[in-house]
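# Descriptive structure summary
So you can see what is in the structure, the chains are spelled out below.
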Amino acid sequence: MVCSHLYSIMNEPLNNYWINTSHDTYLRRTKASSTDNKPSGKTDLQSYTLAMYRGARAIELDVWDGPMGGNDPLIRFGVTSFSESANKSRIGNSIPFKDAILTISYFLQSEPYSYPIILLIENHCSLPFQEKMASDIEEILGKQSMLYLPDPS
């Protein structure tokens, strides 16, 4: 499936284009002064929308397994310890992966000339959560013809 409603002719290799990227997109930014732009460590869906409206076209998603017993991957700030207590403390400060994909979809619906949006997925997920991520992407972006899939031939 190829996006049929692109507003720019993009027939060059991807590396021929200037692409504005966003690092740690999911982190809410705070400003103590006009020169300070430190991440607050809190995750926020609005950060994705703001980054895209500011021109970012490569969006970072750090995706981790969700809580035990669930199957929804989460976007959150990295964990250096794999202990259960470290993971529990981070889950409350996270974004469901599906919500981030929906936010990107809503942006593309309102700003269709913004193609392409490149998802930089930093994947820390186990296989079941990876399968859920793929399902969410296909369900949300694929069904709306917002997902580029190369010709398999």
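For the structure itself, look to the data block above.
It should be emphasised that the depicted structure is a prediction, and the values quoted were computed from it without experimental measurement.

### Considering the overall build of the protein
A tally of helices and strands in the protein yields four helices and seven strands. Element order for the protein, N to C, with α for helix and β for strand: β-β-β-α-β-β-α-β-α-β-α. Long-range pairs, those at least 24 residues apart, make up 61% of the contacts in the protein with a sequence separation of at least 6.

### Here we look at unusual backbone geometry
Even without a glycine there, the phi angle at Ser 145 is positive, about 55 degrees. Checked against the element boundaries, Ser 145 lands in the segment after helix 4 (127-142). A relative accessible area of 26% means that Ser 145 is categorised as partly exposed.

### Structural notes on helix 1 (residues 45-53)
Regarding helix 1, the residues found buried are Ser 47, Tyr 48, Ala 51 and Met 52. Projection of helix 1 onto a plane perpendicular to its axis shows the buried side chains occupying an angular sector of 130 degrees, all on one side. Immediately downstream of helix 1, the backbone of Gly 55 shows phi near 105 degrees, a positive value.

### A look at the packing of aromatic side chains
For the coordinates displayed, the defined rule picks out one aromatic pair. When the centroid spacing of 4.9 Å and the interplanar angle of 85 degrees are considered together, the rings of Tyr 53 and Phe 107 count as edge-to-face. Linking Tyr 53 in helix 1 with Phe 107 in helix 3 (residues 97-110), this pair joins segments that are 54 residues apart in sequence. Assessed through its relative accessible area of 3%, Phe 107 is described here as buried.

### Side note on the packing of helix 3 against helix 4
In contact at an axis separation of 10 Å, helix 3 and helix 4 are set at 25 degrees when each is read in the N-to-C sense. The angle between helix 3 and helix 4 falls in the class roughly parallel. At the point where helix 3 passes helix 4, the crossing takes the right-handed sense. Together, Phe 97, Lys 98, Ile 101, Leu 102 and Ser 105 of helix 3 and Met 133, Asp 136, Ile 137, Ile 140 and Leu 141 of helix 4 make up the contact between the two elements. Its residues placed into classes, the contact of helix 3 with helix 4 shows seven nonpolar, one polar and two charged.

What counts and how
Residues numbered from 1 in each chain as written. Predicted model: local features only at pLDDT ≥ 70, side-chain atom pairs only at ≥ 80, totals over all residues. Heavy atoms only, no water. Helix = DSSP H or I, 4+ residues; strand = E, 2+ residues; numbered from the N terminus. Contact = heavy atoms within 4.5 Å. Buried < 20%, exposed > 50% of the residue type's maximum accessible area, 1.4 Å probe, protein only. Arc of directions from axis to C-beta. Phe/Tyr/Trp six-rings, centres within 6.5 Å; stacked < 30°, edge-to-face > 60°. Axes fitted to C-alpha atoms, helices over the stretch in contact; angles between N-to-C directions. Parallel < 35°, antiparallel > 145°, perpendicular 65-115°, else oblique. Left-handed = near helix turned anticlockwise from the far one by under 90°. Nonpolar A, V, L, I, M, F, W, Y, C, P; charged D, E, K, R; others polar.

Read these as geometric descriptors, not functional statements.
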